[in-house]
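Structure assessment
So the chains spell out like this:
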Amino acid sequence: MGERSGAGLVECAILEALHSTDGRPRYRRSARVLAAVEDRIGLAPGYAYEVLVDLARPWTMPLSLVSGQGNYGSRGNDPAANYRYTEARISPVGQVALAAERGDLAPVPIGLINGNVYREGTRPPFRPQGVIEAIREVIQRPGVTSKDLIGIVGPPHFMNGCAVTGDFAALAAGRATVLRLQARVTVSDDHSSVMIENLPPNANPDETAQSIANRARARDWAPRYPGLHRQAHLPLSDVRDQSSQARDTDLLVCVPEPGTAPEHLRDQLMDIYGVYTTVSVALPRPLATTLRRWAEAYATEDLLTSLTALENAIRIQSGRR
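Note that the structure is predicted; figures quoted are calculated from it, not measured. (Residues numbered from 1 in each chain as written. Predicted model: local features only at pLDDT ≥ 70, side-chain atom pairs only at ≥ 80, totals over all residues. Heavy atoms only, no water.)

1. So, helix H6 (residues 128-140)
With 13 residues, H6 should reach 18 Å at 1.5 Å per residue; the first-to-last C-alpha distance of 19 Å fits that figure. Of all the positions in H6, only Pro128, Gly130, Val131, Ile132, Ala134, Ile135, Arg136 and Val138 are classed as buried. (Helix = DSSP H or I, 4+ residues; strand = E, 2+ residues; numbered from the N terminus. Expected span 1.5 Å × (residues − 1). Buried < 20%, exposed > 50% of the residue type's maximum accessible area, 1.4 Å probe, protein only.)

2. Quick notes on the packing of helix H1 (residues 9-18) against helix H2 (residues 30-41)
To characterise two packed helices, one gives the angle between the axes of the helices and the distance between these axes. Direction vectors running N to C along H1 and H2 enclose 125 degrees, while the axes themselves pass 9 Å from each other. Classified by the interaxial angle, the pair formed by H1 and H2 is oblique. Relative to H2, the crossing made by H1 is right-handed. Side by side, H1 and H2 meet where Leu9, Val10, Ala13, Ile14, Glu16, Ala17 and Leu18 of the first sit next to Val33, Ala36, Val37, Arg40 and Ile41 of the second. Looking at the contact of H1 with H2, its residues break down into 10 nonpolar, no polar and 2 charged. (Axes fitted to C-alpha atoms, helices over the stretch in contact; angles between N-to-C directions. Parallel < 35°, antiparallel > 145°, perpendicular 65-115°, else oblique. Left-handed = near helix turned anticlockwise from the far one by under 90°. Contact = heavy atoms within 4.5 Å. Nonpolar A, V, L, I, M, F, W, Y, C, P; charged D, E, K, R; others polar.)

3. A closer look at the sheet that holds strand S7 (residues 194-197)
Pairing in this open sheet of 4 strands is antiparallel, and the strands run S6-S7-S9-S8 from one edge to the other. A single partner strand is all that each edge strand has here, and the edge strands are strand S6 (184-187) and strand S8 (236-241). On average, adjacent strands in this sheet sit at an angle of 20 degrees to one another, irrespective of strand direction. Pairing between S7 and strand S9 (residues 251-256): 4 bridges, direction antiparallel. Bridge assignment links Glu197 to a residue of S9, and that residue is Leu251. (Pairing = 2+ DSSP bridges.)

4. Regarding the pattern of salt bridges
Summed over the entire model, instances satisfying the criterion amount to 10 salt bridges. Glu137 serves as the salt-bridge partner of Arg141, at 2.7 Å between the closest nitrogen and oxygen. We classify Arg141 as partly exposed; its relative accessible area is 40%. With a closest N to O distance of 3.2 Å, Asp267 and Arg266 form a salt bridge. A single network of salt bridges, built from pairs that share partners, joins Glu50, Asp54 and Arg119. (Salt bridge = Lys/Arg side-chain N within 4 Å of Asp/Glu carboxyl O.)

5. Considerations on the sheet that holds strand S5 (residues 177-182)
Spatially, the 3 strands line up as an open sheet ordered S4-S5-S10, and their pairing is antiparallel. For this open sheet the edge positions go to strand S4 (163-166) and strand S10 (276-281), each flanked by a neighbour on one side alone. Geometrically, the sheet is characterised by an average inter-axis angle of 30 degrees between neighbouring strands, direction not taken into account. By the bridge criterion, 6 bridges tie S5 to S10 in an arrangement that is antiparallel. Each residue of the ladder has a partner; that of Arg180, found in S10, is Thr278.

6. Focus on the nonpolar core
In this structure, Ile14, Val66, Leu291 and Leu310 are the most contacted members of the largest nonpolar core, which totals 65 residues. In contact with Leu310, other than residues within four places in its own chain, are Leu63, Val93, Val96, Val108, Pro109, Ile110, Ile113 and Ile132. Judged by nonpolar contacts, the second largest core, of 16 residues, contains Leu199, Leu234, Leu265 and Leu269. (Core = buried A, V, L, I, M, F, W, Y, C linked by side-chain atoms within 4.5 Å.)

Written as structure tokens, this is what we have:
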């Protein structure tokens with residue numbers, strides 16, 4: 001992790017490659033960006049592109065450092081186009097991160113906010129404003145209690161809006177635990193279908209839809225094992241993927257079999273993996289300790305100004321989505 005923003009070596013090299021000397025971000029061909037990264041740190045384009053794609057996809061982390069143009073793939077089975085056919089530019093938050101890494105701005109807690117579970121790490125993401133407010137509280141009121149800090153930050157926060165449950169106290173204390181990420185599963189207003197929205201970020205919408213459809217198919221062994229069939233079979237007549245084309249949002253529409261109450265189907269759908277997932281998480285030390293140490297490490301710098309700059313960048317970035 002970078003010392004001043006939380007961005008890693010490859011991330012920083014990408015931001016440097018995207019930086020415009022006149023301070024006006026513009027899209028550049030990804031191939032040129034990756035060539036500059038290879039020249040800077042020796043990493044081949046095929047490897048660096050995976051990082052570039054992560055930094056630009058809006059569903060991977062709370063604070064995107066890159067804005068992408070072109071086919072950056074989807075959360076489903078649509079991969080990103082080859083880097084010869086996409087473009088990228090530094091995002092407002094990416095500009096703040098780069099300024100912090102260069103020493104032009106005091107450090108910013110982007111790494112604490114984004115975590116790394118999007119690439120199978122163990123650090124979960126947190127609500128950006130929660131982390132910012134907690135650090136601001138540490139700076140302005142050093143005697144603030146750990147309980148208060150944990151309350152300000154809140155539980156892990158995933159950008160797609162899935163529900164998160166688990167032992168938050170264990171996570172905040174620095175102990176390893178498992179979180180359950182649950183999609184929003186509701187009955188439509190007209191009671192004709194069940195809607196699945198906000199799938200967990202580590203779920204593949206295409207594979208989840210296929211898994212649901214497979215559970216609804218008749219099995220040749222059903223007449224021999226009627227009890228098992230009733231337990232495993234989904235009373236479903238149709239499932240439609242109506243997610244947005246960019247996959248910023250998910251929507252699977254499930255139509256129950258005639259005579260099946262949609263509430264019954266809803267309850268069964270909630271227990272299908274993909275509609276829910278689990279993720280193992282852990283922090284390197286207690287959350288409150290991490291926040292205090294981060295603030296103390298840069299006590300001689302103007303952290304309040306950098307936190308405000310980060311807030312402004314988030315506001316600008318949110319307005320562009």
